[in-house]
Every structure is written in C-alpha cells, then in structure tokens.
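Chain by chain, the residues run as shown.
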Amino acid sequence: MNYRVLVSDPLAEEGIDILKEFCDVDVNTGLTEDQLVAIIGDYDALLVRSGTEVTARVIDAGTKLKFIGRAGAGVDNIDTEAATRRGIVVANAPEGNTLAATEHTMAMMLSLARNIPQATASLKKGEWKRSKFMGVELNDKVLGIMGFGRIGREVAKRAQAMQMKCIAYDPFITRERAASLGVEMVPLDELFRRADVITVHTPLIKETRHVINDKTIATMRDGVRMINCARGGIIDEKALADAIASGKVAGAALDVFENEPPTDSPLLNLDRVIVTPHLGASTVEAQKNVAVSVANQCISVLSGGAAKYV
Ligand code: NAD
Ligand code: MLT
C-alpha cells in the first residue's frame, strides 16, 4: 500500500529523503486551518514543527490519519487529546534539538549581560557609546533554572563552567539527581528570591502558564534578568514589560512569545529586551536530528510498529 504523508512545516531534506523511500510525500507549508482541513483527509500521516496548529478540527477531518509527528520537543501546537480519542499516534523528537536550544540560551544570557545586540545596533548607526553599554559579569551570579529537564540540565553544565552558582526548581526531579550535577534543588519561591538570572525550561502547561507574573516578579531580586527560550506564555509579557519599565527587572532575553510572531507585544518597544524569532532549535544539526527522528518514527508506525517518543 502506498502511504501518503503531508509535511506542513519546513523539514530538513534528510527526513524527507527517508520518508520518500517508503511513502509519497507532499511538502505543503503555510496552510491555514481551513486549507489543512480541506486536504488532510487524503493523508495517513502529518509531520509538523511549531508553525502548524493541529487542532481538533484538523484531526477530525484526517479520517485516514494514523500518525502525527512533531519535529521538535513541544507538542503544545497539537491537540493530543483529540488525536488520542481518534487512536492517532502523536510522537515528537525531544532529544534532537536539546543542544541547539541550550546553546541559544547561553548566547542569550551572555548577550543580555553584555548588551551585545543593542551595542551592535548602536555602532552600526555610527555611534560609539562605550559607557551606555556597561554590562555585568555572570561569574559568581546565581542562575535559577525553572524546569530541570534535558535543556535545563545542559544549561546548568555550561553555566557552571562560567562559575555561576546554579539552583533549580522541578517537581519531578529529585534533589539527589540535581546534587549529582552540582545543582541545588529549591522550592520555586526560593528560586525567585535568590536568582540573579532566571531561565525557564518547562513545557507550557496549566501549572506553568504565567508562573512569572506581577506577584512573583515582586518577590524577585531587584535587577534580576530573565530568559525564556522555552515557550511563550510561561512569563506574563505585560507583567514583564511593566517590571522592566519600572527597573525592577534589569532586562530579558526572549526567543518565544505568547503570540508568534509577536506583533503587539509590549516587550518589543523596550531597549532592555533582546529577542530572537523562535530560533532555539534553528541549527543545521538540530533540524537534521529532529527530521530524521520523526521520519523514522512515522515509518515505524505506518508499518505497524511503535514510535519511540509518544
Ligand atoms: P524536558 O521535558 O526534558 O524538560 C522539561 C522539564 O520541566 C521536566 O524535567 C519537567 O519535570 C519540568 N516541569 C514540568 N512541570 C514543571 C513545573 N510546573 N515547574 C517546573 N518544572 C516543571 O523538555 P526540554 O527538552 O528540556 O524542553 C524544555 C522546553 O523548551 C519545552 O517547553 C520545549 O518545548 C522548549 N524548547 C524550545 C525550543 C526553542 O526553539 N526555543 C527548542 C527546544 C525546546
Ligand atoms: C521545540 O519545541 O522543539 C521548539 O519549539 C523548536 C521548533 O520546533 O522550532
């Protein structure tokens, strides 16, 4: 039987090549929900990144769908409950972009501490303002890591190499596990109180939505810096913008936003906010890894086998 697979977000060629050995592949990106609903009934599998919203409507229209693959970690753009009701396997590729997201977090933290994007823009405008861009050292600072999973742990290793003291909060990781990596597990309120820099690495779920808000920001150190390379919505953008404007928060580095692209976010107008357009996983290596992983899992499921990361 000839299976048909729809790839609705850009996927690395290496993954497409694997799929083509086994099935017919259509790459059709930038579809609206209505356009997707109109064609999804022809396909046995759908492969996405974060751009496609796989809603219950799309899933219900996918009468032949057996597999939905997410070339990346977060599955918050897929209605997994609707897929489960229909018996469709949903799998992701959580390991392939861990190092890419980790390195992006480190790049954001260093850029934030030393005002590199702002200084670059200023110099390119013809200015030479050395005192305006006075930075801070990360050495000896306390890094609060919220979410001590794959990326959180890799960030800790690299921060420790820069002599930062790492503390973490994660309800599903034991103190012993963290201690074996030289990291102190603390309650979330203590993390907020102690950290000089806070970086979030959790999924966006009910418990983490707006966990950084005006009330929790009020408990933080004056001049705290914040990084979000996980998911928009973990930090309340309005509360963060207010806290930066008041000087309570010294700056923020954001790769992800509550709405993407973030056309109306109040954060985009603030000099002390540095931003990238959801580039955490955007390395050649990571894109190859995740594409190959979902392609192989897709073939496995269509041939009656199992997916590795369900
Ligand atoms: P992971 O599943 O390995 O780690 C997430 C950790 O969060 C887990 O250890 C889990 O126990 C913890 N957690 C769950 N609920 C929590 C809570 N209420 N408070 C604190 N911790 C909690 O995931 P990961 O691969 O490390 O990815 C982390 C985040 O980064 C995800 O949101 C993922 O989608 C995102 N991500 C973003 C990019 C990007 O392009 N910016 C790239 C890769 C991953
Ligand atoms: C992820 O969750 O893996 C990331 O958001 C990366 C992406 O798909 O762009």
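Note that the coordinates shown come from a computational prediction; the quantities given were computed from them, not determined experimentally.

**Observations concerning the overall build of the protein chain**
Now for step 1: Within the protein chain, the regular secondary structure consists of 12 helices and 12 strands.
Now for step 2: Scaling as 2.2 N^0.38, a compact globule of 310 residues should have a C-alpha radius of gyration of about 19 Å, and the protein chain matches this with 21 Å.
Now for step 3: Its C-alpha atoms give the protein chain principal-axis dimensions of roughly 65 × 50 × 35 Å.
Now for step 4: Going through the 310 residues of the protein chain one by one, you find that 50% of them count as buried.
Now for step 5: Considering only contacts in the protein chain between residues 6 or more positions apart, those separated by 24 or more positions represent 58%.
Now for step 6: Counting only carbon and sulfur atoms, one obtains 51% of the accessible surface of the protein chain, whose full area is about 15000 Å².
Now for step 7: One finds the centroid of the 36 positive side-chain charges in the protein chain at a distance of 5 Å from the centroid of its 40 negative side-chain charges.

**Things to note about the packing of helix 5 (residues 98–114) against helix 7 (residues 150–161)**
Now for step 1: The N-to-C vectors of helix 5 and helix 7 enclose an angle of 50°; their axes lie 9 Å apart at closest approach. The angle between helix 5 and helix 7 places the two elements in the oblique class. Viewed along their axes, helix 5 and helix 7 form a crossing whose handedness is right-handed. Where helix 5 abuts helix 7, its residues Thr98, Leu99, Ala101, Thr102, Thr105 and Met106 lie against Arg150, Ile151, Glu154, Val155, Arg158 and Ala159.

**So, the site of ligand 2**
Now for step 1: With respect to spatial proximity, the complete set of residues near ligand 2 consists of Arg49, Ser50, Arg70, Ala71, Gly72, Ala73, Gly74, Asn97, Arg231, His278 and Ala281.
Now for step 2: Between ligand 2 and Gly74 there is a distance of 2.8 Å, counted from an oxygen atom to a backbone nitrogen or oxygen.
Now for step 3: Contact between ligand 2 and His278: an oxygen atom at 2.7 Å from a side-chain N or O atom of the residue.
Now for step 4: Surface burial for ligand 2 is 92%, taken as the share of its 270 Å² of free accessible area covered by protein chains.
Now for step 5: Class assignment for the residues of the shell around ligand 2 results in 3 nonpolar, 5 polar and 3 charged.

**Examining the packing of aromatic side chains**
Now for step 1: Considering all chains together, one arrives at 1 aromatic pair under this definition.
Now for step 2: For the pair Tyr3 and Phe22, a centre-to-centre distance of 6.0 Å together with 20° between the ring planes defines the contact as stacked. Linking Tyr3 in the segment before strand 1 (4–7) with Phe22 in the loop between helix 1 (13–20) and strand 2 (24–27), this pair joins segments that are 19 residues apart in sequence.

What counts and what doesn't
Residues numbered from 1 in each chain as written. Chains lettered and ligands numbered in written order. Predicted model: local features only at pLDDT ≥ 70, side-chain atom pairs only at ≥ 80, totals over all residues. Heavy atoms only, no water. Helix = DSSP H or I, 4+ residues; strand = E, 2+ residues; numbered from the N terminus. Rg over C-alpha atoms; globule rule 2.2 N^0.38 Å. Buried < 20%, exposed > 50% of the residue type's maximum accessible area, 1.4 Å probe, protein only. Contact = heavy atoms within 4.5 Å. Areas by Shrake-Rupley, 256 points an atom, 1.4 Å probe, with all protein chains shown as cover. Lys, Arg positive; Asp, Glu negative; His and termini not counted. Charge placed at Lys NZ, Arg CZ, Asp CG, Glu CD. Axes fitted to C-alpha atoms, helices over the stretch in contact; angles between N-to-C directions. Parallel < 35°, antiparallel > 145°, perpendicular 65-115°, else oblique. Left-handed = near helix turned anticlockwise from the far one by under 90°. Near = heavy atom within 4 Å. Polar contact = N/O pair within 3.5 Å; in protein donor to acceptor, adjacent residues only side chain to side chain. Nonpolar A, V, L, I, M, F, W, Y, C, P; charged D, E, K, R; others polar. Phe/Tyr/Trp six-rings, centres within 6.5 Å; stacked < 30°, edge-to-face > 60°.

The values are spatial; any link to function lies outside them.
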